Amino acid sequence: MHDEKNTHHTSVRASKVCVVGAGYVGLTAAVCLAELGHTVVCVESNPQRLGMLLRGEVPIHEPGIDELLTRHASSRRLSFTDDVEVAMDGVAVVLLCVGTPPRPDGEPDLRQLGRAATQMVAAARSDVLLIVKSTVPPGSCEALELLAAGHAREGVNVAVASNPEFLREGQAVWDFFNPDRVVVGIDDAQMQHLVTDLYPAQWPLIVCDRRSAELVKYAANTFLAVKISFANEVAQLCEALGADSQKVLAGVGLDARIGGAFLSPGPGFGGSCLPKDLGGFIAVAQSVGQLAPLARAAQVVNGEALVGLLGKLEVALGSLSGKRIAILGLAFKPGTGDVRFSPGVGLADALAERGALVRAHDPVATPVSTTMELVGDPYDAAQRADALVIMTAWPEYRELDHERLRETMSGHVVIDAVNVVSIGEVAHVDFDVYGVGRGLTTDFAPVLWPPLEWMLDAEPRPVTVPQ
Ligand SMILES: NC(=O)c1ccc[n+]([C@@H]2O[C@H](COP(=O)([O-])OP(=O)(O)OC[C@H]3O[C@@H](n4cnc5c(N)ncnc54)[C@H](O)[C@@H]3O)[C@@H](O)[C@H]2O)c1
């Protein structure tokens, strides 16, 4: 999966490291650090996850990890355990990669991190550097250092550095070996090499204080969230004006100052990172008396995306009670099986609340849910459906046989929340396709804007904005 020329096996000073947490971030770091030449002990506390790893199975859907796992189980540079004493034997560097999920109030829950840090430090027999790869609010590393120091054996010094992770689920291994930047936040310059030596010297590096490093991650994810919400706001405007959001946003994104990534409208962002880190950014701002109005607006717009989808279904079907709805796509984005804060699962829950009957399909994700029936085939999901909603832009949903879908369904409504259906290709099928910011085929009356008098008068008159 990753680019061999970028692995630079010989360019790191090999060391022994401990990685705590074998999730998307920890498992990726563990296999990739082993690939770089380090000896890695990975600690995982979830018995099911650990059992799978010990059997050589990969507990997450992430291309390339299986190959590296097999290779480095054989090379003996990679091992898994839940025994912290074993893990800390001869280790001076620990990468903390545990979860920092949001609390109900939106602030991050840092208890996994506190527990992991104190456990590892208590088992350390010599000085230890904890490197926080988990996403945390600025100030966390300093606080963690105080907390952990209180659990260290006598004579053992503890330091904490920040090294936020920027990988994208679905391409985590590729991202690890091809980072846009490695950010290292450390206050003791003497220790900097303990972090930077983990990675090839030629990778782009930013070294700064810990708070700045922590804020890089929050600010980057907040910007991405703002960008997605901006795309959704433009798409709303496109729907009202009869413009095509795909063309508009392609035209905007080709501007090198803006860039096209994350500029696609859709069902709103989900996943384990953007909603949580946006909430964290707002909470941090609030804690220092700032309002973070841009970040808040992105949150509001994101919440409206699901409401908009439900509105489209109601316009098309009337009451949703008793209606059969097929959902295609439950992963929060294509390429992953992760359903944390997934718009597809959110939609299923909202539909069930309104009395609709949901059958859903996803090529990878298998959420445990009582609000939908999960089936193994998109055509099976569409059986007798009044409407079909596409929620994840999986490549296979671009290749659907629309005639077969139409024959399977009772109704003819398709809500394409990720704009994968080509309107031209379904023109001959009896479908009403509602995309996002394009292609409303029914009940569509574009407004004329600007009004003609603007073109006749030298001075524009004040006008009322159409509702
Ligand atoms: N998932 C991503 O795409 C991504 C990207 C960048 C940053 N992050 C950040 O990285 C962190 C981890 O995210 P993730 O998605 O990998 O989480 P995850 O929930 O998939 O994995 C965390 C793992 O840590 C294990 N764990 C928790 N406490 C432990 C302990 N005391 N000892 C051993 N194992 C323990 C859990 O069992 C779990 O397997 C979060 O802060 C997240 O915000 C995630």
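Scroll up to find the structure.
Notes on the structure in this doc start here. (Residues numbered from 1 in each chain as written. Predicted model: local features only at pLDDT ≥ 70, side-chain atom pairs only at ≥ 80, totals over all residues. Heavy atoms only, no water.)

**As for the site of the ligand**
Taken together, 28 residues lie around the ligand, and Val25, Glu44, Thr100, Glu169 and Lys276 are the ones closest in. A distance of 3.0 Å is found between an oxygen atom of the ligand and a backbone nitrogen or oxygen belonging to Tyr24. Contact distances for the ligand include 2.6 Å between an oxygen atom and a side-chain N or O atom of Lys276. Look at the ligand: alone it shows 840 Å² of surface, and the protein chains cover 90% of it. Of all the secondary-structure elements, those providing two or more residues to the shell around the ligand are α1 (24–36) and α5 (111–123). By residue number, the principal contributor to the shell around the ligand is α5, which donates three residues. Looking at side-chain class alone, the shell around the ligand contains 10 nonpolar, 11 polar and seven charged residues. (Near = heavy atom within 4 Å. Polar contact = N/O pair within 3.5 Å; in protein donor to acceptor, adjacent residues only side chain to side chain. Areas by Shrake-Rupley, 256 points an atom, 1.4 Å probe, with all protein chains shown as cover. Helix = DSSP H or I, 4+ residues; strand = E, 2+ residues; numbered from the N terminus. Nonpolar A, V, L, I, M, F, W, Y, C, P; charged D, E, K, R; others polar.)

**A closer look at the packing of aromatic side chains**
Each aromatic ring pair is summarised here by two numbers: the centre-to-centre distance and the angle between the ring planes. Counted under the stated rule, the structure contains four aromatic pairs. Ring centres of Phe176 and Phe177 lie 5.4 Å apart, and the angle between their planes is 75°; on these two criteria the pair is classed as edge-to-face. Note on Phe176: relative accessible area 6%, which makes it buried. Overall, the relative accessible area of 1% leaves Phe177 in the buried class. By the ring-pair criterion, three or more aromatic residues cluster together here, those being Phe176, Phe177, Tyr199 and Trp203. Lying over the aromatic face of Phe166, Arg181 brings its terminal NZ or CZ to 3.7 Å of the ring centre. One Lys or Arg, Arg404, reaches over the ring of Tyr379 and ends 3.8 Å from the middle of that ring. (Phe/Tyr/Trp six-rings, centres within 6.5 Å; stacked < 30°, edge-to-face > 60°. Buried < 20%, exposed > 50% of the residue type's maximum accessible area, 1.4 Å probe, protein only. Lys NZ or Arg CZ within 6 Å of the ring centre and 35° of its normal.)

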